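Spelled out, the chains give:
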Amino acid sequence: MYRLQYQPKIRNYTPDFILENGIIIEAKGWFRADDRTKMLLVNEQWPQLDIRLLFEKADNTLSKRSKTTYKEWAEKHGFIWAEGLIPLSWINEPKRPYNIDEILIKKKR
């Protein structure tokens with residue numbers, strides 16, 4: 001397992017999946033406000049990383065009072081997203097120009 005530090009208060013983000021080509025996937029069933037904030041901070045502080053969102057149901061709204069769906073939020077903030085399963089096209093994409101092992105901190109078990 002790997003983790004990535006982000007701020008304003010130093011915190012750790014642990015990706016759900018890292019594909020062999022370096023794409024980082026964050027899987028979400030319920031996409032809470034604190035998760036959305038975390039993803040914005042991580043994406044802003046680590047712009048060289050390819051972080052993508054995988055939603056269980058992309059048409060869910062952010063809250064009962066919101067009309068914005070998960071997929072609309074992702075698109076507004078520049079995240080590539082998918083619904084259900086990791087697309088084969090993501091798996092088959094070329095390797096990213098960064099070395100994920102040099103960026104992420106290996107977690108001790």
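The structure under discussion appears in the preceding block.
Residues numbered from 1 in each chain as written. Predicted model: local features only at pLDDT ≥ 70, side-chain atom pairs only at ≥ 80, totals over all residues. Heavy atoms only, no water.

### Comments concerning the environment of I18
One can find I18 in strand 3 (residues 17-18). A relative accessible area of 30% means that I18 is categorised as partly exposed. I18 sits 45 residues away from S63 along the chain, and the two C-alpha atoms are 28 Å apart. Once you skip the residues sitting within four places of it in the chain, I18 turns out to touch Y2, I23, I24, I100 and L104. (Helix = DSSP H or I, 4+ residues; strand = E, 2+ residues; numbered from the N terminus. Buried < 20%, exposed > 50% of the residue type's maximum accessible area, 1.4 Å probe, protein only. Contact = heavy atoms within 4.5 Å.)

### Quick word on the nonpolar core
The tendency in soluble globular proteins is for nonpolar side chains to be buried side by side. Core analysis: the largest hydrophobic core is formed by 21 residues, its most contacted members being M39, L49, L53 and W73. Setting aside its immediate chain neighbours within four residues, W73 contacts F31, R36, M39, L40, L53, L62, T68 and F79. Among the nonpolar cores identified, the runner-up in size contains 6 residues, and L19, I23, I25 and L54 belong to it. (Core = buried A, V, L, I, M, F, W, Y, C linked by side-chain atoms within 4.5 Å.)

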